[in-house]
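# Working through the structure, step by step
Below, each chain spelled out in residue letters.
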Amino acid sequence: MTSVDAGASGPAGDDGAGLGAPPELGFLTHGGEAVRIAARWHGDRPAPETAPLLGRAVTLGEGWRVVQYRLPLAAQSDPAAYAALERQVSAGVAVERRYGSERYGEVFTRLVGFDLEASEPFVLYRVPDGEPIERRRGTLTVAEQQQVIAQLVLAVRLLAEVGLVHRAISPGTVRWDGTHVRLAEPYGALRAGEPREAYGAAPWASPEQRQGVGLTDHRDDLWSVAQLVYFLLSGRQGPGSQPPADLGEFRRLAALHEGGVFAPRAEQRPAATELMRLLNVGDPLAHATTGADPLSRARAEFDAQRAKKREEMGWDRQAWEAWEEPGYEYPPPRRTLRSWLSGGGAAPPPVREPAAEPPPPPRRPTLCPHCLLPVSLDDTRLVTLDSKKVAKPLDLSAEHRPMHRQDALRQAYQICPHAPASAQHYLPVPYLTNGEPLTVALVGSSAAGKTHLLAAMLGEIEQGGLEPYGLKCLPLNPDTHREFLRERVQRLHRGKVLERTGQASFAHFTDGLLVTGPGGTRPVVFFDLAGEDLAENGEVTGFLMGVGAFIFVLDPLRALRLPALDPVRARTRLQQRDLGDEAFTTVLNRVPRPGSYIEAPAAVALNKSDLLRFDPSVDRWLGRALPTELDERTFREESRDAYAFAAHHGSPAWLKPFDDCARCTLHFVAATGAQERGGLYPHGVRPRRVLAPLLSIFAMCGLLPGANLSEVGT
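Scoring rules and cut-offs
- Residues numbered from 1 in each chain as written.
- Predicted model: local features only at pLDDT ≥ 70, side-chain atom pairs only at ≥ 80, totals over all residues.
- Heavy atoms only, no water.
- Helix = DSSP H or I, 4+ residues; strand = E, 2+ residues; numbered from the N terminus.
- Pairing = 2+ DSSP bridges.
- Buried < 20%, exposed > 50% of the residue type's maximum accessible area, 1.4 Å probe, protein only.
- Salt bridge = Lys/Arg side-chain N within 4 Å of Asp/Glu carboxyl O.
- Axes fitted to C-alpha atoms, helices over the stretch in contact; angles between N-to-C directions.
- Contact = heavy atoms within 4.5 Å.
- Phe/Tyr/Trp six-rings, centres within 6.5 Å; stacked < 30°, edge-to-face > 60°.
- Lys NZ or Arg CZ within 6 Å of the ring centre and 35° of its normal.
- Parallel < 35°, antiparallel > 145°, perpendicular 65-115°, else oblique.
- Left-handed = near helix turned anticlockwise from the far one by under 90°.
- Nonpolar A, V, L, I, M, F, W, Y, C, P; charged D, E, K, R; others polar.
- Core = buried A, V, L, I, M, F, W, Y, C linked by side-chain atoms within 4.5 Å.

### A closer look at the environment of Pro243
Mapped onto the fold, Pro243 is located in the loop between helix 4 (218-234) and helix 5 (254-259). In sequence terms Pro243 and Ser170 are 73 residues apart; their C-alpha atoms lie 17 Å from each other.

Here it is in structure tokens:
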């Protein structure tokens, strides 16, 4: 058989007749199993509800007909189109994983497989039985009416259980085969709790959904169910924003009406479980037994290791001592009759002096991030660097205009006074004139994705990604930052694979920012060295002993024993290994420890998580955007899931940063969200949660102050 690209197989309308042996179609099942099977493609059919996706029938094997929706090349310039297809696949996989073996799963159109890396990414579904239910309006029997109502509410209940809102329930998208209703493919599905996007038409979509206001709620789908049932029983459409005036004429709608399902706002409607109770419909999930959590043992390991660190560091004891029960204040003594007659009175209670505020902690001297010796601003050592990094002396002694002097210093460097003349290095002046600098080193083996992750982080920051958290950023040096954006960030955004970081004889920081938050402005500089350099105890990595924070970039292709990663390992020539990351081990062994643990805060970024994005543990985090309000509970829950996932599928050696660092968080991230092909990302890049490790570092270093972030990483 001939093997062809899975997404662009044959011209539209070609049914494969007369072409000899049919080609093969390759795709992944909901469980991640790779399948290749003989296939014949049929003509495209109009599917306006799924635009810009094109639909067509495909015959697999000896006669299994399925439906394929694919993203044609002409529509791939719109990143939102690919994102919508990916959301659809994610929803289909979630439903299939949870309900694929359950008989009540027949209320959904069932997913067969998908390939999001094909030249024309696609998803496959079983051909749904039945006909559009709109053809049965006014003709359903009493028993059928009861079945339809019960099954539609059940479908909403099942979707709510997996955190999904369908958003496309209408007479034309729901099918009826005489026994079962069947919802359409989840091409409009969103996760519950995400911001609503304007979608659908009146009266089927709820008012809030049509307007795109607030957060998605499974009760949005209940509005659609109520409007659909009213249409089927009355034969006409209801109003788009309020209950129909004639609901009292339809006995079958009494429970829906009395339960408030026609209310214009989601918060006024009952939950699906409550509506099922009102309808006297059994809930199959009420007594369902969930399977054992495969990560439960690893989660317990996380809890035990975290408790051990907290006890050894004394954090629980400090938290207890910080809590003080308010002292009892005795009432003033009662005045006696004699005191009243003599005009005297009780002595006034003593006035308490307000407690003196503790003095601010002394600021540590600014250290050169390279030689780790104190340095301060010295006008006699100022220079500028040209495009070839050649230093030219800068004399500002005659510049008396404050604004001009400030602008010149913003772009200037200072020669480090501790550097030998044969190996001089330079510090941006703003590094010396703002708050305490924070140096952040990215650690990981070659090809782990450190450079791509840093580029994705700074790209998000450039687009205002830190502003929702009250942080403003400026370049530490305008020329260095502009060069990094041009050579790294913009290249990545154009879908090009970045070159690997080469080995160096001196560790220059890659880029820097001035980060301003409630506590003032601090310089933040990033080091991104080659994995080969980090794995050696050479002079080039001597700066690591003074680094303020670490981001350890964990590569799942090397760390995890998941068979689903084997095809990518074979293509990239990376091998799974149980001994951990050499760069992790070398760096952790080199950094000084005043006690049992490294003081510098750390974050572990489980990069390339998009390769595993449909696993429930990964999808819980990677499938959602970062919340705009952060708290330590969310950081802890993600750390627990990421630790358990890595521990269950890999060896303990990969989690050495969590074991060795006093404060450490773990995160699912994807620097590119795509797989490379010939030095390119064919469908562009889609960074996922790349700011989570950095925000964690900022919280642990005091750049994100707040009572709800004080124990991040502990």
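Structure's up, so let's keep going.
### Points about the sheet that holds strand 7 (residues 131-132)
Pairing between sheet strands relies on hydrogen bonds along the backbone, with the strands arranged either parallel or antiparallel. Reading across the sheet, the three strands line up as 7-9-10 and stay open at both edges, with antiparallel pairing between neighbours. Since the sheet does not close on itself, it has two edges, and those belong to strand 7 and strand 10 (181-182), each with one partner. In the sheet, strand 9 (residues 175-176) pairs with strand 10 via two bridges, with the strands oriented antiparallel. Paired with Trp176 across the strands is Val181, a residue of strand 10.

### What to know about the pairing of strand 18 (residues 511-517)
Most of strand 18 is tucked away: six of the seven residues are buried. With four bridges joining them, strand 17 (residues 472-475) and strand 18 adopt antiparallel strand pairing. What sits directly across from Pro475, in strand 18, is Leu513. As judged from the seven bridges shared by strand 18 and strand 19 (residues 520-528), these two strands associate in the antiparallel manner.

### As for the pattern of salt bridges
Two side chains of opposite charge can pair, provided their charged atoms sit close to one another. Enumeration over the complete set of coordinates arrives at 45 salt bridges. We note a salt bridge from Lys472 to Glu467, for which the minimum N-O separation is 3.6 Å. With a relative accessible area of 52%, Lys472 lands in the exposed category. A residue is classified by how much of its surface remains accessible, and Glu467, at 45% relative accessible area, is partly exposed. In this structure, a network of salt bridges that share partners links the residues Arg196, Glu208, Asp220, Arg265, Glu267 and Arg269.

### Side note on the sheet that holds strand 16 (residues 438-443)
With mixed pairing, the seven strands of this open sheet are ordered in space as 17-18-19-16-20-21-22. Taken across any chain shown, the strands that pair with only one partner, and hence form the sheet edges, are strand 17 and strand 22 (664-668). Adjacent strand axes in the sheet meet at a mean angle of 25°, parallel and antiparallel pairs treated alike. Where strand 16 meets strand 20 (residues 549-554), four bridges bridge the pair, whose relative direction is parallel. Opposite Val440, over in strand 20, you have Ala549 as the bridge partner. Along the sheet, helix 12 (residues 450-462) makes contact with strand 16, strand 17, strand 18, strand 19, strand 20 and strand 21 (602-606), crossing strand 19 at roughly 155°. Contacts from helix 13 (residues 478-493) reach strand 17 and strand 18, with the element oriented near 110° to strand 18.

### A look at the packing of aromatic side chains
Following the criterion strictly, the structure yields 15 aromatic pairs and no others. Taking the centre distance of 6.0 Å and the plane angle of 65° together, the rings of Tyr99 and Tyr104 count as edge-to-face. The exposure classification of Tyr99 matches that of Tyr104, with both residues buried. Look at Tyr230 and Phe250: their rings are 6.0 Å apart centre to centre, the planes differ by 85°, and that puts the pair in the edge-to-face class. One end of the pair, Tyr230, is in helix 4; the other, Phe250, is in the loop between helix 4 and helix 5, with 20 residues separating them in the sequence. Take Tyr230 and Phe250: they sit in the same class, and that class is buried. Among the aromatic side chains, those forming a connected cluster through ring pairs are Phe550, Phe552, Phe584 and Trp654. Arg167 extends its terminal NZ or CZ atom over the ring of Tyr199, reaching a point 4.3 Å from the ring centre.

### Here we look at the packing of helix 7 (residues 296-313) against helix 19 (residues 632-649)
Two elements in contact, helix 7 and helix 19, have axes separated by 8 Å at closest approach and are oriented at 120°. Relative to helix 19, helix 7 is oriented oblique. As helix 7 packs across helix 19, the resulting crossing turns out to be right-handed. Taken together, the residues of helix 19 that come into contact with helix 7 (itself represented by Ala298, Arg299, Glu301, Phe302, Asp303 and Arg306) are Arg636, Ser639, Arg640, Asp641, Tyr643, Ala644, Ala647 and His648. Classifying every residue of the contact of helix 7 with helix 19 by side-chain character gives five nonpolar, two polar and seven charged.

### Let's talk about the nonpolar core
Phe550 and Phe552 are the most contacted members of the largest nonpolar core, which totals 62 residues. The element that contributes the greatest number of residues to this core is helix 19, accounting for six residues. For Phe552, the contacting residues outside a window of four places in its chain are Val443, Phe584, Leu588, Ala602, Ala603, Val604, Ala605, Pro657 and Cys661. With 49 residues, the next largest nonpolar core counts Val497, Ala671, Cys701 and Leu709 among its residues.

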